[in-house]
Amino acid sequence: MAGLTRDPVLGINDIKEKEEEIKIDKKHTDKVVLVREEGIQGDREMALPAGNSIHRSGSRPQLDLSKAAIQGNFEERNPTILLPNQSDDISHLALDIGGSLIKLVYFSRHEDYSSNDKRKKTVKERLGISNGNRRSYPILGGRLHFVKFETNKINECLDFIYSKQLHRAGLDSSWLTEAPANENAIIKATGGGAYKFADLFKERLGVSLDKEDEMNCLVSGANFLLKAIRHEAFTHMEGRKEFVQIDQNDLFPYLLVNIGSGVSMIKVDGDGKFQRVSGTNVGGGTYWGLGRLLTKCKSFDELLELSQRGDNRTIDMLVGDIYGGMDYSKIGLSASTIASSFGKAISEKKELEDYRPEDISLSLLRMISYNIGQISYLNALRFGIKRIFFGGFFIRGHAYTMDTISFAVHFWSNGEAQAMFLRHEGFLGALGAFMSYEKHGLDDLMVHHLVERFPMGAPYTGGKIHGPPLGDLNEKISWMEKFVQKGTEIIAPVPMAPPGTTGLGGFEVPSSKGGTLRSDASALNVGVLHLVPTLEVFPLLADPKTYEPNTIDLADHSELEYWFTVLSEHLPDLVDKAVASEGGTDDAKRRGDAFARAFSAHLARLMEEPAAYGKLGLANLLELREECLREFQFIDAYRSIKQRENEASLAVLPDLLMELDSMSEETRLLTLVEGVLAANIFDWGSRACVDLYHKGTIIEIYRMSRNKMQRPWRVDNFDVFKERMLGSGDKKPFIHRRALLFVDNSGADIVLGMLPLARELLRRGTEVVLVANSLPALNDVTAMELPEIVAEAAKHCDILRRAAEAGGLLVDAMVSNLDGSLENPSSVPLMVVENGCGSPCIDLRQVSSELAAAAKEADLIILEGMGRALHTNFNAQFKCDALKLAMVKNQRLAEKLIKGNIYDCVCRYEPAS
Ligand SMILES: Nc1ncnc2c1ncn2[C@@H]1O[C@H](COP(=O)(O)OP(=O)(O)O)[C@@H](O)[C@H]1O
Ligand SMILES: CC(C)(COP(=O)(O)O)[C@@H](O)C(=O)NCCC(=O)O
Ligand SMILES: [Mn+2]
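The model shown is predicted, which means the values in this text are computed figures rather than measured ones. Every chain is numbered on its own, with residues counted from 1 as its sequence reads. Just so you know, chain letters begin at A and ligand numbers begin at 1, following the order they were written in. Reporting in this predicted model follows two pLDDT cut-offs: at least 70 for local features of residues, and 80 or more for side-chain atom pairs to be given and counted; totals over whole chains, interfaces and linings ignore these cut-offs and use all residues. The basis for every side-chain value is the complete set of non-hydrogen atoms in the structure, without hydrogens or water.

(A) Highlighting the sheet that holds strand β3 (residues 93–97). Pairing between two strands requires that DSSP report at least two bridges joining them. What counts as a helix is a DSSP run of H or I of at least four residues, what counts as a strand is a run of E of at least two, and both are numbered from the N terminus. Read across the sheet, seven strands follow the order β7-β6-β3-β4-β5-β18-β17 without closing on themselves; strand pairing throughout is mixed. Unpaired on one side and paired on the other, β7 (208–211) and β17 (450–453) mark the two borders of the sheet. Strand-to-strand twist in this sheet, taken as the mean axis angle between neighbours without regard to direction, amounts to 25°. All axes here are fitted lines through C-alpha atoms, helices being fitted over the stretch that makes contact, and every angle between N-to-C directions spans 0 to 180 degrees.

Structure representation (structure tokens):
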């Protein structure tokens, strides 16, 4: 620490600027190596730069390959591992070729980035993570994409398959390259078109279609979705969408009503146990076919859009029309009830041209939806079934259609039966066909293995707006520039539509049906499903079933508006940082612009329909922002800021440690907790804090923050924590076996806050595991960055050095102590594990396997920061002792959560529950 005088770090008033004048906001020009992300449709990825072991798949990282199957002896020390992505017999495409639409489900694999990361290897050894599961074949790691085309535009579909080389499925990873077409390639297909177009597929793509039973596929697709996707099913009544948590153990029986061109009603009793109990020929094809004839519409969407401006009373015969404006109350029919769909057309001397196409479309839509709702109910009644799931593309995520069906089911069953809809409504058959491939292992996937992402432009649907498939980022950016306006006025792929596209439902006249219909792509509301078999549920959650990560409920509209404004306002600054992190080149600026368009488009879309991407919490929004940055290849927007802050903080760490060491144990514990809270002020995601950073150096702000620390904090359980740690009276001090420290920000936060606390625990004989992000998010420290920070800190501290050595963090272990004596290896270890996230928040239902393994021995967890301890997990209950530490850096959150003010602190201690 050349040039440093021994000034205390804590509570100093006369600050000497020993550490260079490092202003935090200094611009920088560091170049970061780019990692190619998934293009809009592009699945190809470039290899990571050497030494970077974390797979950046544009999603949660493919953390490691630990679920690869071991070939041969499980007990062997270095067994041969069959990598999930190396199987040759994995197929990638399945089709459902229906009367109206072709549905594709295809799978793209992750490249194999086997880990050479020493930290990972050591941590695995230390934590005893085995390298295999006992399956005969591995679960796939990769992504599932959902795409549809109109059947009468089958050539577009064939072009799409060809352009993405999906017909070469079944080959090894060379399927992305120019490998010769596989003459024997077989693609699973269901739906009538699997027969009708078999020759065409053979001729054009050289592939054979392997036909799968349609009902079988529908059922296995539905069962998979209902079991594996958390927010798949929802109710839709009077414009309100509500996700339903399906209990896997209480799923059957249910009635599956698939409304495609025609309608199938299937009683489902289990996996592969079903019976087609009914159906009707009056379905989606009827609406579209009859509607086209009667209105001259050119597309299904146009027809549906017309219905939104329609008034069916001009064409339907109502009870009131028959009863002279009166209700027929004796049998429960109001005057506005439809007595006879299209009934008015018989009594008047009008021709087709005399009716508004809008009214015809609405009348037809209601006729068909009610009819299906009613027949469904009757079949549910027949078999005593309470739950009816509706699928098929007739529904098209259309609020009014869903309301109408729900109303019919509710009305006829007197509220006994419930209509539910599926987000992947039209893809059941295609997904089922995909499932019918052997050895994909997909049916073994669980909710926690799946992460859904919404990259811009996904899914590809063909057609006018979207153009040809976008192969690379450049094409994607051009497309964004062309179609997605900046700001909130977005025309594609998430066009704005006035809210309230639904009406009263039921037999009443809809009050408001809105204007424009959302474009096809966005209305699908399905993203890309990332299959990450290595994710696990955090084992220390007291009750994973009731665990809800989000603290802030964005179903509250004012809350939603507030956070949307915060994120929108933060956007220009974030773009500046992101562009600077990539050297400020023209390319970076262009990507920055595209990112801003994309993220604004997401915000606008969600503002209008918060549940569009599934249940929405603040954590999802913050994660979406990070994902969106990665989509435009901004790998680490705060990279140089983090470096600067780390350096400045490391420079004063020795002084801080000396001061701490001169304190009594009790004072030290308090000072350490206080230090964590004070240093948590370094948060580049908080507008208030960023404003503050312009006012001083890191150390000045740190000292100011420390000086302001005053107990009691707004939430202050420190005394209970202290008693647990140090004992009191006849209570003995409790020495935890292993502590998991969920760390937050880089710089002072980790170096002057969490590391000294870790050191204290180590000193007491508690093993410490630092749990950090797998991918960058804001200025959060990542697991990959931590070993270097620890190594720097360890240069000045014996406790940290020995513990880091014991934990395998110091790769080139020092041979002697600071004082020159021989190494004393008897320290408890300090380890680092990645958490499986690339977000400022953490959903503990989906964490890395190494974190899950580390948790098994842990009896204390410390969650730090607003994202991890307040926005998420504030109310989480754990099986072990838990300490939640954060400074609240947002006024509204402070008021709402702790009835306090900005910069108030939370020290919430909860003993094992
Ligand atoms: N873009 C579209 N083009 C044609 N039909 C559509 C479109 N979007 C939704 N639909 C509706 O979806 C129905 C087809 O649903 P789907 O589940 O794909 O059945 P199928 O397998 O019989 O084609 C059509 O009959 C129509 O009512
Ligand atoms: C993104 C964050 C959760 C990160 O906070 P941290 O976890 O680092 O304490 C936080 O900065 C935040 O909620 N920011 C948005 C609100 C604001 O600008 O005040
Ligand atoms: Mn943070």
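(B) Layout of the packing of helix α16 (residues 586–608) against helix α17 (residues 618–631). Between α16 and α17, the least distance of the axes is 9 Å, while the angle of their chain directions is 150°. It follows from the interaxial angle that α16 and α17 lie roughly antiparallel. Of the two elements, α16 crosses α17, and the hand of that crossing is right-handed. On α17, the residues touching Phe595, Ala598, Phe599, His602, Leu603 and Leu606 of α16 are Leu621, Leu624, Arg625, Cys628 and Leu629. Only Asp, Glu, Lys and Arg are considered charged, only Ala, Val, Leu, Ile, Met, Phe, Trp, Tyr, Cys and Pro nonpolar, and every remaining residue, Gly among them, polar. A breakdown of the residues in the contact of α16 with α17 according to their chemical character gives nine nonpolar, one polar and one charged. For classification purposes, angles smaller than 35 degrees are called roughly parallel, those larger than 145 roughly antiparallel, those between 65 and 115 roughly perpendicular, and all remaining angles oblique. Helix crossings get a hand from a simple test, with the near helix turned counterclockwise from the far one by less than a right angle marking a left-handed crossing and a clockwise turn marking a right-handed one. Throughout, a contact is declared for two residues whenever any of their heavy atoms are within 4.5 Å.

(C) Here's a closer look at the pairing of strand β4 (residues 101–109). Between buried and exposed lies partly exposed: a residue is buried under 20% and exposed over 50% of the maximum accessible area for its type, with that area taken using a 1.4 Å probe on protein chains only. The element β4 is largely enclosed, with a buried count of nine among its nine residues. A two-sided burial pattern is seen for β4, the buried positions comprising Leu101, Lys103, Val105, Phe107 and Arg109 on one face and Ile102, Leu104, Tyr106 and Ser108 on the other. Pairing geometry for β3 and β4, over five bridges, is antiparallel. By the bridge assignment for β4, Leu95 is matched with Leu104. Counting the residues in the hairpin turn of β3 and β4 gives three residues.

(D) Structural view of the site of ligand 1. Residues are classed as near a molecule or strand on a simple rule: at least one heavy atom within 4 Å of it. Looking at ligand 1, there are 17 residues lining it, with Ser100, Lys103, Ser261, Gly284 and Phe393 nearest. The term polar contact refers here to a pair of N or O atoms within 3.5 Å; inside protein, the definition further demands a hydrogen-donor-capable atom paired with an acceptor-capable atom, and it admits residues adjacent in sequence only when both atoms are side-chain atoms. Here an oxygen atom of ligand 1 sits 3.3 Å away from a polar atom, N or O, in the main chain of Gly99. Take Ser100: an N or O atom from its main chain is 2.9 Å from an oxygen atom of ligand 1. Counting residues per element, the shell around ligand 1 draws most heavily on helix α6 (residues 284–295), which supplies three residues. Counted by class, the shell around ligand 1 contains five nonpolar, eight polar and four charged residues. The domain boundaries here were taken from an automatic or database domain assignment. Taken domain by domain, the makeup of the shell around ligand 1 includes at least three residues from each of domain 1 (62–229 + 426–444) and domain 2 (233–314 + 357–423 + 500–523).

(E) Representation of the pattern of salt bridges within the structure. For this document, the term salt bridge refers to a Lys or Arg side-chain nitrogen within 4 Å of an Asp or Glu carboxyl oxygen. According to the stated counting rule, one finds 52 salt bridges in the structure shown. Between Lys889 and Asp683 there is a salt bridge whose closest N-O contact spans 3.7 Å. With Lys889 in the loop between β24 (881–887) and α28 (891–898) and Asp683 in the loop between α19 (665–679) and α20 (687–693), this pair connects stretches of sequence that are 206 residues apart. The same class applies to Lys889 and to Asp683, which are both buried.

(F) Here's a closer look at the domain arrangement of the protein chain. In terms of domains, the protein chain is made up of domain 1 (62–229 + 426–444), domain 2 (233–314 + 357–423 + 500–523), domain 3 (316–354) and domain 4 (714–910). Between domain 1 and domain 2, the contact holds 18 residues from the first and 24 residues from the second. Between domain 1 and domain 2 we count one salt bridge in total. Taking the shortest distance from any N to any O, the salt bridge between Lys227 and Asp271 comes out at 2.6 Å. On the surface where domain 1 and domain 2 come into contact, there are six residue pairs in polar contact (both at pLDDT 80 or more). Those elements that place two or more of their residues in the side of domain 1 that touches domain 2 are β4 and α5 (214–228).

(G) Inspection of helix α25 (residues 798–806) at higher detail. Of all nine residues in α25, seven are buried, a share of seventy percent or more. Listed as buried for α25 are Ile799, Leu800, Arg801, Arg802, Ala803, Ala804 and Glu805.

(H) Seen up close, the coordination of the manganese ion (ligand 3). With water omitted from the atoms examined, metal sites may look incomplete; donors here are N, O and S atoms no farther than 2.8 Å from the metal, or 3.2 Å in the case of Na, K and Ca. Distances from the manganese ion (ligand 3) to its protein donors, Asp744 (OD), Asn745 (OD1) and Asp780 (OD), fall within 2.0 to 2.1 Å. The sequence pattern describing where the donors of the manganese ion (ligand 3) fall on their chain is D-N-x34-D. Of this pair, Asp744 sits in the loop between β20 (738–742) and α23 (748–763) while Asp780 sits in the loop between β21 (767–772) and α24 (786–794); the two residues are 36 residues apart in sequence, bridging distant segments of the chain. Asp780 carries the same exposure label as Asp744, and that label is buried.

(I) Spatial organisation of helix α15 (residues 557–581). What a helix is expected to span follows from its residue count: subtract one and scale by 1.5 Å. With 25 residues, α15 ought to run about 36 Å at 1.5 Å a step, and its terminal C-alpha atoms sit 35 Å apart, in line with that. Axes are fitted to the seven residues ending at a residue and to the seven starting at it; the angle between these axes is taken as the bend at that residue. The largest bend in α15 comes to about 40°, at Leu571, with the proline Pro572 one to four residues further on. One or two residues past the end of α15 sits Gly583, with phi positive at roughly 85°.

(J) Representation of the site of ligand 2 in the model. Residues in close proximity to ligand 2 total 16 residues, the closest being Asp683, Asp744, Gly867, His871 and Lys889. Note that an oxygen atom of ligand 2 is positioned 2.9 Å from one of the backbone N or O atoms of Arg687. In this structure, an oxygen atom belonging to ligand 2 sits 2.5 Å away from a side-chain N or O atom of Lys889. Calculation on ligand 2 without its partners gives an accessible area of 470 Å², and the protein chains cover 97% of this total. Listing elements by their share of the shell around ligand 2, those giving two or more residues are α15 and α27 (866–871). Here the shell around ligand 2 takes three residues from α27, the largest share from any one element. Taken together, the residues that form the shell around ligand 2 break down as four nonpolar, eight polar and four charged. Using the Shrake-Rupley algorithm and a 1.4 Å probe, accessible areas are obtained, with residue cover drawn only from the displayed protein chains.

(K) Representation of the side chain of Thr404 in the model. Along the chain, Thr404 falls in helix α11 (residues 399–413). Exposure remark for Thr404: the relative accessible area of 0% places this residue in the buried category. Contact partners of Thr404, with chain neighbours within four places excluded, come to Arg366, Ser369 and Tyr370.

(L) Here's a closer look at the pairing of β20. Of all five residues in β20, five are buried, a share of seventy percent or more. Going residue by residue along β20, you find Arg738, Leu740 and Phe742 tucked away on one face and Ala739 and Leu741 tucked away on the opposite face as well. Here β20 pairs with β21 via five bridges, running parallel. Bridging from a neighbouring strand, Leu741 pairs with Leu770 of β21. Here, the term right-handed applies to a crossover whose path from the first strand over the helix to the second runs clockwise when the strands point away from the viewer. Once the chain exits β20 it traverses α23 before rejoining the sheet at β21, and the crossover so formed is right-handed. Strand direction decides the pairing type here: β20 and strand β23 (residues 860–864), joined by four bridges, are parallel. For Leu740, the partnering residue across the bridge sits in β23 and is Ile861.

(M) Focus on the sheet that holds β23. In space, the seven strands of this open sheet follow the order β19-β25-β24-β23-β20-β21-β22, with mixed pairing throughout. Bordering the open sheet on either side are β19 (715–716) and β22 (830–834), each of which pairs with just one other strand.

(N) Spatial organisation of the packing of aromatic side chains. Ring pairs are drawn from Phe, Tyr and Trp, using the six-membered ring of Trp, whenever the two centres fall within 6.5 Å, and their geometry is named by plane angle: stacked under 30 degrees, edge-to-face over 60, tilted for the rest. Scanning the entire structure with this criterion turns up 26 aromatic pairs. Ring centres of Phe411 and Trp412 lie 5.1 Å apart, and the angle between their planes is 90°; this geometry places the pair in the edge-to-face category. Residue class for Phe411 comes out partly exposed when judged on its relative accessible area of 28%. Through successive ring pairs, a cluster of aromatic residues spans Phe234, Phe243, Phe390 and Phe421. Charge-over-ring placement is defined geometrically: NZ (Lys) or CZ (Arg) within 6 Å of the ring centre, and within 35 degrees of the ring normal. The ring of Tyr195 has Lys211 sitting right over it, with the charged end atom 5.8 Å from the ring centre. Sitting over the face of the ring of Phe874, Arg908 holds its NZ or CZ atom 4.2 Å from the ring centroid.

(O) Here's a closer look at the packing of α5 against helix α12 (residues 428–435). Between α5 and α12, whose axes approach to 7 Å, the crossing angle comes to 90°. When the axis of α5 is compared with that of α12, the two are roughly perpendicular. Listed contacts from α12 to Cys217, Leu218, Ser220, Gly221, Ala222, Phe224 and Leu225 of α5 are Leu428, Gly429, Leu431, Gly432, Ala433 and Met435. Class assignment of the residues belonging to the contact of α5 with α12 gives a composition of nine nonpolar, four polar and no charged.

(P) Spotlight on a nonpolar patch on the surface. The grouping of Ile322, Tyr323 and Met326 at the surface amounts to a nonpolar patch, some 320 Å² of accessible area in total. Within the secondary structure layout, Ile322 lies in helix α8 (residues 319–322). For patch detection, residues must exceed 30% relative accessible area and be free of salt bridges, and they are connected within 9 Å for like charges or within 5 Å for nonpolar side chains (Val, Leu, Ile, Met, Phe, Trp, Tyr).

(Q) Examining the state of the cysteines more closely. Defined by distance alone, a disulfide is two cysteine sulfur atoms within 2.5 Å. Under the definition given, this model contains zero disulfides. For the unlinked cysteine Cys841, the closest cysteine sulfur is that of Cys837, found at 9.1 Å. According to the relative accessible area criterion, Cys841 is buried, its value standing at 3%.

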